[in-house]
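Residues per chain are reported as follows:
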Amino acid sequence: MFNFRTLLSQLAALTVFATVSLAAHAEGVLQSTLTPCPAGGGGTNIGDVNACGLSWTLDSGRAQLTSDGKIQVKVKGLLLNDPSRPDLLGSTAGVTKVYATLICGSNGNRAAVASTGLFSLSTAGDALIQGKVALPADCVAPAIVVRESDFPAQGWLAVTGF
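Residues numbered from 1 in each chain as written. Predicted model: local features only at pLDDT ≥ 70, side-chain atom pairs only at ≥ 80, totals over all residues. Heavy atoms only, no water.

1. A short note on the state of the cysteines
Overall, the coordinates contain two disulfides when judged by the stated rule. Disulfide pairing is shown between Cys-37 and Cys-52; the S-S distance is 1.7 Å. One disulfide, between Cys-37 and Cys-52, carries an S-S torsion of -70° and so falls in the left-handed class. With a gap of 15 residues between them, Cys-37 in the loop between β1 (28-36) and β2 (56-57) and Cys-52 in the loop between β1 and β2 connect regions that are remote in the sequence. Each sulfur in the disulfide pair Cys-104 and Cys-139 lies 1.9 Å from the other. Between Cys-104 and Cys-139, the S-S torsion sits near -95°, and that sign places the bridge as left-handed. Linking Cys-104 in strand β6 (residues 97-104) with Cys-139 in the loop between β9 (127-132) and β10 (143-148), this pair joins segments that are 35 residues apart in sequence. Exposure class is identical for Cys-104 and Cys-139. Each is buried. Along the protein, the cysteines engaged in disulfide bonds are linked according to the scheme 1-2, 3-4 when indexed in sequence order. (Disulfide = S-S within 2.5 Å. Helix = DSSP H or I, 4+ residues; strand = E, 2+ residues; numbered from the N terminus. Buried < 20%, exposed > 50% of the residue type's maximum accessible area, 1.4 Å probe, protein only.)

Below, the structure written as structure tokens:
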């Protein structure tokens, strides 16, 4: 015998399950490889984030941002590659902590809108940055920069979409 009440409770349970499942799979807003700060230190501020000052190299790097604000950045071999500092070539140049900053905007109106906490950078230049930030609804042309925290400039060392 058909029971309308049982059908409604099963539909409600299915709706809750589907909502929880969809919430757990947030959409990707940004998935990109990272580019290290170029030769000569780039001299390029990205929004209100300072340039790195010296050139860096990167074996591999990827950044991901989801619609619910989760940031994950993986870097391998992020090391100084600036001939002006032969004493520091192939090292992390004293950088021990890095973090990721979300940049929004375009055409000269770029600004840092959120950052993760600090994460260790190994002496081999490897780091995994994971965090959750408040993602503005109007974030145009999002970019993620990996920044150092050991020096006052807190310049960018690698960036998406450069």
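Having seen the structure, we can now continue with the description.
2. Concerning the nonpolar core
Grouped together as the largest cluster of nonpolar side chains are 37 residues, with contacts concentrated most on Trp-56, Val-73, Val-75 and Val-146. Counting only elements with at least two residues in this core, the list comes to β1, β3 (60-66), β4 (70-76), β6, β9, β10 and β11 (156-160). Looking at which element gives the most residues to this core, the answer is β6, with five residues. (Core = buried A, V, L, I, M, F, W, Y, C linked by side-chain atoms within 4.5 Å.)

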